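Geometric and topological summary
What follows is the residue order along each chain.
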Amino acid sequence: MTRDVDAAVAVLRAGGLVGLPTETVYGLAAHARNPKAVRRVFTVKGRPPTHPLIVHLPDVSHVARWAATVPDTLGPLAAALWPGPLTVVVRAGPDVMAEITGGRDTVALRVPAHPLALEVLGRLDDGVAAPSANRFGGVSPTTAAHVVADLGDDVDLVLDGGPCAVGVESTIVDLGGARPEVLRTGAVSASQLSSLLGAEVVTWSGDGDARAPGMLASHYAPHAAVLVIDEIGAAGVVTRRIPEVGAVAVLASTTGQLDAVRAALAGFDDRLVDLEPVGDADGFAHELYDRLRQVDRLGCAAVIVVAPPPEGIGVAVRDRLTRAAAGE
Ligand code: AMP
Ligand code: MG
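Structural notes, computed from the coordinates.

Analysis parameters
Residues numbered from 1 in each chain as written. Chains lettered and ligands numbered in written order. Predicted model: local features only at pLDDT ≥ 70, side-chain atom pairs only at ≥ 80, totals over all residues. Heavy atoms only, no water. Axes fitted to C-alpha atoms, helices over the stretch in contact; angles between N-to-C directions. Helix = DSSP H or I, 4+ residues; strand = E, 2+ residues; numbered from the N terminus. Parallel < 35°, antiparallel > 145°, perpendicular 65-115°, else oblique. Left-handed = near helix turned anticlockwise from the far one by under 90°. Contact = heavy atoms within 4.5 Å. Nonpolar A, V, L, I, M, F, W, Y, C, P; charged D, E, K, R; others polar. Buried < 20%, exposed > 50% of the residue type's maximum accessible area, 1.4 Å probe, protein only. Pairing = 2+ DSSP bridges. Polar contact = N/O pair within 3.5 Å; in protein donor to acceptor, adjacent residues only side chain to side chain. Arc of directions from axis to C-beta. Core = buried A, V, L, I, M, F, W, Y, C linked by side-chain atoms within 4.5 Å.

**What to know about the packing of helix H3 (residues 74-81) against helix H7 (residues 190-197)**
Packing of H3 against H7 leaves a shortest axis separation of 9 Å and a crossing angle of 120°. As far as their axial angle goes, H7 and H3 are oblique. In terms of crossing hand, the pair formed by H3 and H7 is right-handed. On H7, the residues touching Pro76, Leu77, Ala80 and Leu81 of H3 are Gln192, Leu193, Leu196 and Leu197. The residue makeup of the contact of H3 with H7, split by class, is seven nonpolar, one polar and no charged.

**Describing unusual backbone geometry**
Residue Pro83 is bonded to the preceding Trp82 through a cis peptide linkage, with omega at -10°. Phi angles above zero are rare outside glycine, and Asp125 is one such case at about 55°. Here Asp125 lies in the loop between helix H5 (115-124) and strand S6 (128-129). The exposure class of Asp125 is partly exposed, given its relative accessible area of 42%. Phi at Tyr220 is positive, roughly 60°, even though this residue is not glycine. For Tyr220, a relative accessible area of 4% gives the class buried.

**What about the sheet that holds strand S12 (residues 248-251)?**
Judged by pairing direction, the sheet is parallel, and its four strands sit side by side in the order S11-S14-S12-S13 without closing on themselves. Each edge of the sheet is formed by a strand with only one pairing partner; in this case those strands are strand S11 (225-229) and strand S13 (272-274). Strand-to-strand, the axes of this sheet are offset by a mean angle of 25°, without reference to chain direction. Where S12 meets strand S14 (residues 302-306), four bridges bridge the pair, whose relative direction is parallel. Bridge pairing in S14 links Ala249 to Val303.

**Observations concerning the environment of Gly299**
As for its position among the elements, Gly299 is in the loop between helix H9 (281-297) and S14. Of the residues examined, Gly299 reaches a relative accessible area of 55% and is grouped as exposed. Sequence separation between Gly299 and His51 is 248 residues; the distance between their C-alpha atoms is 31 Å.

**As for the side chain of Glu169**
Position of Glu169 relative to the elements: it lies in the loop between strand S7 (157-158) and strand S8 (171-174). Owing to a relative accessible area of 5%, Glu169 belongs among the buried residues under this scheme. A polar side-chain atom of Glu169 sits 2.5 Å from a polar atom in the side chain of Ser140. A distance of 2.9 Å separates the side chain of Glu169 from the side chain of Arg320, its partner in a polar contact.

**Remarks on H7**
For an α-helix, the turn length of 3.6 residues means that residues three or four places apart are oriented alike. Among the residues of H7, Ala190, Leu193, Ser194 and Leu197 are the ones counted as buried. Along the axis of H7, the buried positions cluster into a sector of 105°, meaning they face one direction only. Exposed residues lying more than 90 degrees from the buried face of H7 are Ser191 and Ser195. Two residues or fewer past H7, Gly198 is found with a positive phi of approximately 65°.

**Quick word on the nonpolar core**
It is characteristic of soluble globular proteins that their nonpolar side chains tend to be buried jointly. In this structure, Leu86, Val88, Ile100, Leu109 and Leu193 are the most contacted members of the largest nonpolar core, which totals 47 residues. Secondary-structure elements contributing two or more residues to this core are strand S2 (27-31), helix H2 (35-45), H3, strand S4 (86-91), strand S5 (106-110), helix H6 (144-151) and H7. Here Leu109 is in contact with Ile54, Val55, Leu57, Val63, Trp66, Trp82, Leu86, Thr87, Val88 and Val90, once residues within four sequence places are set aside. Membership of the second largest hydrophobic core comes to 27 residues, among which are Val139, Tyr220, Val278 and Phe284.

And the structure:
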């Protein structure tokens, strides 16, 4: 782990892989014009080659180097939200490698809001492909230590930019079709996009098919079983899904919720392990992946999660929880 930006740029230029801090999660970065480096990202992650990568750019002026045409809708979104946790899907320019696009005619682009990432990208003066720096299907990393724990020597250098400010992956909006459409929820909401564009922005509701190939039903999953409940009154309904042996962690926003879960699961009291409450939806997003990792470190058989309300970034947290739970 290092804070040496020059060393990170040198590794990228030489075709190596860098653990790169962003405001969403840590990325496994490769120079996006180097096919060998990008192929290694897929090998290290164990990611299917059909899952396209997001290209991270130093600023909006770089979009024209990657897009076939820059849609009119990009201007207001980039002005208001870049650098930031919004990825746009646009028609790909002719030189974008098939390794990046998964063979599609579109490419996903974003300018991340992290000072170290922006410094690296600015000095490289080019794009880096950077999926989350974890093995495919597992819990995303939100600290440099998570990256080292997951990837070890498979990553050439990890740039330590502290804990990620947002904590869940970027919102992805497809600007290539007739109407903008959110393909993945994140810190930027569909209604925020609607008001910036002065047009309705719908959220695509399909699963794991051609539109957003990375949106698998099962993803972000720890080893422990994830049991999601919406409200405390429902705690009893997970009773029959609790594994017969092993500790069961409880993740919630408040200590009041933890107490209520304990009350609803009285028979399991001696097996329950309270995790530090995460607070509001922003806190939930910020702490989510670290808490899921903690559950595995503690060797828990399951974690019961009291989901935050579906408002703001709570929508994205619930999306990730649903996919983490589908891993069972
Ligand atoms: P991540 O897994 O966080 O690196 O995000 C990559 C995800 O972005 C992919 O798995 C897709 O869901 C989405 N994505 C990237 N490129 C495209 C594209 N050209 N068209 C549609 N979705 C894309
Ligand atoms: Mg990922």
